[in-house]
Amino acid sequence: MPGVTPKQSDTYFCMSMRLPVDEEAFVIDFKPRASMDTVHHMLLFGCNMPSSTGSYWFCDEGTCTDKANILYAWARNAPPTRLPKGVGFRVGGETGSKYFVLQVHYGDISAFRDNHKDCSGVSLHLTRLPQPLIAGMYLMMSVDTVIPPGEKVVNSDISCHYKMYPMHVFAYRVHTHHLGKVVSGYRVRNGQWTLIGRQSPQLPQAFYPVEHPVDVSFGDILAARCVFTGEGRTEATHIGGTSSDEMCNLYIMYYMEAKHAVSFMTCTQNVAADMFRTIPPEANIPIPVKSDMMMMHAHHKETENKDNTALLQQPKREEEEVLDQDFHIEEALDWPGVYLLPGQVSGVALDPHNNLVIFHRGDHVWDGNSFDSEFVYQQRGLGPIEEDTILVVDPNNAAVLQSSGKNLFYLPHGLSVDKDGNYWVTDVALHQVFKLDPNSKEGPLLILGRSMQPGSDQNHFCQPTDVAVDPATGAVYVSDGYCNSRIVQFSPSGKFITQWGEESSGRNPQPGQFSVPHSLALVPHVGQLCVADRENGRIQCFKTDTKEFVREIKHASFGRNVFAISYVPGLLFAVNGKPYFGDQQPLQGFVMNFSSGEIMDVFKPVRKHFDMPHDIVASEDGTVYIGDAHSNTVWKFTLTEKMEHRSVKKAGIEVQEVKAEAIVETKMDNKPTSSELQKMREKQKLITEPGSGVSVVLITTLLVIPVVVLLAIAIFIRWKKSRAFGDSEHKLETSSGRVLGRFRGKGSGGLNLGNFFASRKGYSRKGFDRLSTEGSDQEKEEDDGSESEEEYSAPLPAPAPSTS
């Protein structure tokens, strides 16, 4: 956006940009430039004529006068969408789009109370090199659904025979208005239903990567179901473009071989209605959505073209702001919390105010004498820990704000905080789970398990490790534990619901088998629970409704152990365990793209070193805390680059042309690109051209000053000596006068460096001016003639080797 200030919430602004090339080109990557503090979502369309020629306009006027093809979307609390390697959207030329149109939705404008200007947008990577695979969109939509008033459940089904060359699905997006509960899409082949994607349309509507690749071939059937409710309506609701109407849309993003590629296909019929009698039951189950993640619908009419055949313009959903994947986590070296030194740190969490909560063992230690062979605690005579075991710490200055948990625990282990701020903790000596009100002195709100009694039935645990509480349903999940290999689910009141899992054996554990399920992370928007399967060195994720295994995340760099995990929208954080003798994998933290499971970053501390990093918690701004049970330390890690402004200061749509070499070569030599060569030539030109002035004089001055100083020192020494010998004084003065006279030149008073720099453009006597980061690169180059700067972060020093 070209510096806008929305005046009311739920405002949609649009802007356009003509393609910088006339010939055919390919978009191969997108980089969001937006902050979650200000922008709810962004949509990027391709079309031939935008609805306005202004620098920006209210999207109520429309996005494009012709059909608009959605290319990209970004939204709060959603995972990033990346085009696979070798895949591009075809634009330009005779048939491709001539314009990009960006739509930005400002949901809550409280961040604009200071009336600052926002320039959120997206960078596109464009290449003229033909891509072997072309991306396209398959739109499935209902055009005739009617939702009766008060009807509890209404299904809208769509199905079409696929009669084209094979397409490979890699992302999907769902869209309804207020009444939609869940949208599901499938490929049906020989009567078998294969899930493409299933999501709540009330979440920010981005493109979700498919969990498993799906190919669609000639003869397959594509099927979709939208589940609506008519409750709360007094009149029938029809399909339409306004927020009071409804829509049932499933967008399927695919790629095809270039020679057969079709960029856009639609399905608006239901050719196999009887087939839906066998649709998987999951298609009828609504997905719970947290209120702070819900999509806003008030202005959808501007994104829905009045022509229902061109409804390819709806909001999309995203990653978190970090999800420009070009970031790095480093220790916050100014955070004093690393010196708190409580007891063995077993758990860390964040409360609703984003304060750090630490669970530690005080003067108790878990060692080889703690339990017998039946897992019964052997040091009961020590009594409970006599100091506060739960510390609430200021995330900025590490001041202890509150403490509790005295005389309650023997060997603390897991800690989590629910949406109401209650603490859920486990004690491996007591074999129990506790729910605590941090502001109450009345004791635990709920206790699960029997004190000091290990077991494996519905009423007992055996060294339970962690707890996760579903923010939507209140369901309680307990990982149990060191001597049981299961996940146990309870109702919010503590009633046993179900359990799953079994002990693994051998080197190839199967899905649902565990060897110390050690840490839990809920992923609410997709209805999954992920488990750090510690001794199997992997992460397993399961559906919370059916307990069905979804996938395994396992990397060689994990080594043999995964100790703890934490989830924030779009990202999964983890920390591994100490390597065995001879293993090469270091102790470190990991940042992973949750959708793909790929590692995006690794990180280690600078002060001290990991010994047994036991728990990890992350916040949505990219701040990470890790507690270590051996070094009794808590570290804070942050993004190396954080925005100084709440809003992005880079203008709306930026197109970066990618050279052909960058696509063809998988490994590039460290040769400068053409633009870098040009900058190098400009530097050389400044140095060699007489007219460049500043560089020549400055370099000459810097070379002369040391010579003058040395000569002055030498002359002074000679003069002192001449005073001792008596007759050299006159010659010395004459000689020094000649030398200094040459350096004084024609002007009186010599060369004044202060006046010299003050005469140059942009100089401030208060010090060197900081380069502005608020304008675009082009503006900066026009202002000061300098080339853009790049920031380089030095590699972290290697941590000291482990001593135990």
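Look above for the structure.
Residues numbered from 1 in each chain as written. Predicted model: local features only at pLDDT ≥ 70, side-chain atom pairs only at ≥ 80, totals over all residues. Heavy atoms only, no water.

Right, let's talk about the sheet that holds strand β28 (residues 446-448) for a bit. Pairing is antiparallel in the open sheet, where four strands are placed in the order β25-β26-β27-β28. The sheet terminates laterally at β25 (412-417) and β28, the two strands that pair on one side only. When strand polarity is set aside, the average angle formed by the axes of neighbouring strands in this sheet is 15°. Of the strand pairs in this sheet, strand β26 (residues 423-427) and strand β27 (residues 432-436) are connected by five bridges, and their pairing is antiparallel. Looking at β27, one finds that Asp427 is bridged to Gln432. (Pairing = 2+ DSSP bridges. Helix = DSSP H or I, 4+ residues; strand = E, 2+ residues; numbered from the N terminus. Axes fitted to C-alpha atoms, helices over the stretch in contact; angles between N-to-C directions.)

All told, the structure shown has three cavities of 30 Å³ or more when counted by the stated rule. What the largest cavity holds in volume is close to 60 Å³. Among the elements that make up the lining of the largest cavity, the one with the highest residue count is β25 (three residues). The residue inventory of the lining of the largest cavity, partitioned by class, reads three nonpolar, seven polar and two charged. In this structure, the second largest cavity occupies an estimated 50 Å³ of space. (1 Å grid on protein atoms, 1.4 Å probe; cavity = no way out; pocket = protein on both sides within 12 Å on 5 of 7 lines; lining within 4 Å. Points joined across faces, edges and corners; volume = space filled by probe spheres on them. Nonpolar A, V, L, I, M, F, W, Y, C, P; charged D, E, K, R; others polar.)

This part covers the side chain of Arg225. Within the secondary structure, Arg225 sits in strand β16 (residues 221-228). The class for Arg225 is buried, based on a relative accessible area of 8%. A polar contact is formed between the side chain of Arg225 and the side chain of Asp157, at a distance of 2.7 Å. Setting aside chain neighbours within four positions, we find Arg225 in contact with Asn155, Ser156, Asp157, Val182, Val183, Ser184, Phe276, Ile279, Ala283 and Asn284. (Buried < 20%, exposed > 50% of the residue type's maximum accessible area, 1.4 Å probe, protein only. Polar contact = N/O pair within 3.5 Å; in protein donor to acceptor, adjacent residues only side chain to side chain. Contact = heavy atoms within 4.5 Å.)

A complete count under the given rule lists 18 salt bridges for this structure. Across the pair Arg90 and Glu24 runs a salt bridge, and its minimum N-O distance is 3.1 Å. One end of the pair, Arg90, is in strand β6 (residues 87-91); the other, Glu24, is in the loop between β1 (11-18) and β2 (25-33), and 66 residues separate them in sequence. Glu24 gets classed as partly exposed once you look at its relative accessible area, which sits at 35%. With a closest N to O distance of 3.1 Å, Lys543 and Glu282 form a salt bridge. (Salt bridge = Lys/Arg side-chain N within 4 Å of Asp/Glu carboxyl O.)

Along the chain, the position of Asn576 falls in strand β40 (residues 571-576). When its relative accessible area of 1% is taken as the criterion, Asn576 is described as buried. A polar contact is formed between the side chain of Asn576 and the backbone oxygen of Phe558, at a distance of 3.3 Å. Side-chain polar atoms of Asn576 contact the backbone nitrogen of Gln588, separated by 2.9 Å.

What follows covers the packing of aromatic side chains. In this description, an aromatic ring pair is defined by two values, namely the gap between the centres and the angle between the planes. Scanning the entire structure with this criterion turns up 29 aromatic pairs. Judged by centre distance (5.2 Å) and plane angle (85°), the rings of Phe359 and Phe409 are edge-to-face. Taken together, the residues Phe359 in strand β22 (residues 356-360) and Phe409 in the loop between β24 (400-404) and β25 connect sequence positions 50 residues apart. Here Phe359 and Phe409 have matching classes, each one buried. One aromatic cluster is present, built from ring pairs that chain together Phe13, Tyr56, Phe58, Tyr106 and Phe112. Over the aromatic face of Phe594 sits the side chain of Arg551, whose NZ or CZ is 4.5 Å from the ring centroid. The residue whose ring lies beneath Arg560 is Tyr580, and the NZ or CZ to ring-centre distance is 4.2 Å. (Phe/Tyr/Trp six-rings, centres within 6.5 Å; stacked < 30°, edge-to-face > 60°. Lys NZ or Arg CZ within 6 Å of the ring centre and 35° of its normal.)

Here the focus is the state of the cysteines. Here the structure, examined in full by the defined rule, presents six disulfides. The side chain of Cys47 participates in a disulfide bridge whose partner is Cys64; the two sulfur atoms lie 2.3 Å from each other. Between Cys47 and Cys64 the disulfide shows an S-S torsion of about -75°. By sign, it is left-handed. Of the two residues, Cys47 is situated in strand β3 (residues 41-47) and Cys64 in the loop between β4 (57-58) and β5 (69-75); the sequence distance between them amounts to 17 residues. Of the two residues, Cys47 and Cys64, both sit in the buried class. Disulfide pairing is shown between Cys462 and Cys483; the S-S distance is 1.8 Å. (Disulfide = S-S within 2.5 Å.)

This part is about the pairing of strand β37 (residues 538-543). Regular strands place side chains that alternate from one sheet face to the opposite one. The buried count for β37 comes to six of six residues, which makes it a mostly enclosed element. Covered by surrounding structure in β37 are Arg538, Gln540 and Phe542 together with Ile539, Cys541 and Lys543, the residues of both alternating faces. Where strand β36 (residues 528-533) and β37 come together, six bridges link them in antiparallel fashion. Bridge pairing in β37 places Ala532 opposite Ile539. Here β36 folds back onto β37, and the loop between the two strands holds four residues, one of which, Gly537, carries a positive phi near 60°. Alignment of β37 against strand β38 (residues 549-553), held across four bridges, turns out to be antiparallel. Opposite Gln540, over in β38, you have Glu552 as the bridge partner. Between β37 and β38, which pair antiparallel in sequence order, lie five residues; one of them, Lys547, sits at a positive phi of approximately 65°.

To continue, consider a nonpolar patch on the surface. Where nonpolar side chains cluster on the molecular surface, the patch consists of Ile705, Val709, Leu710 and Ile713 and spans about 360 Å² of accessible area. With respect to the secondary-structure elements, Ile713 resides in helix α3 (residues 694-725). On the basis of relative accessible area, Ile713 is assigned to the partly exposed category, the value being 47%. (Patch = residues over 30% accessible without salt bridge, like charges linked within 9 Å, V, L, I, M, F, W, Y side chains within 5 Å. Areas by Shrake-Rupley, 256 points an atom, 1.4 Å probe, with all protein chains shown as cover.)

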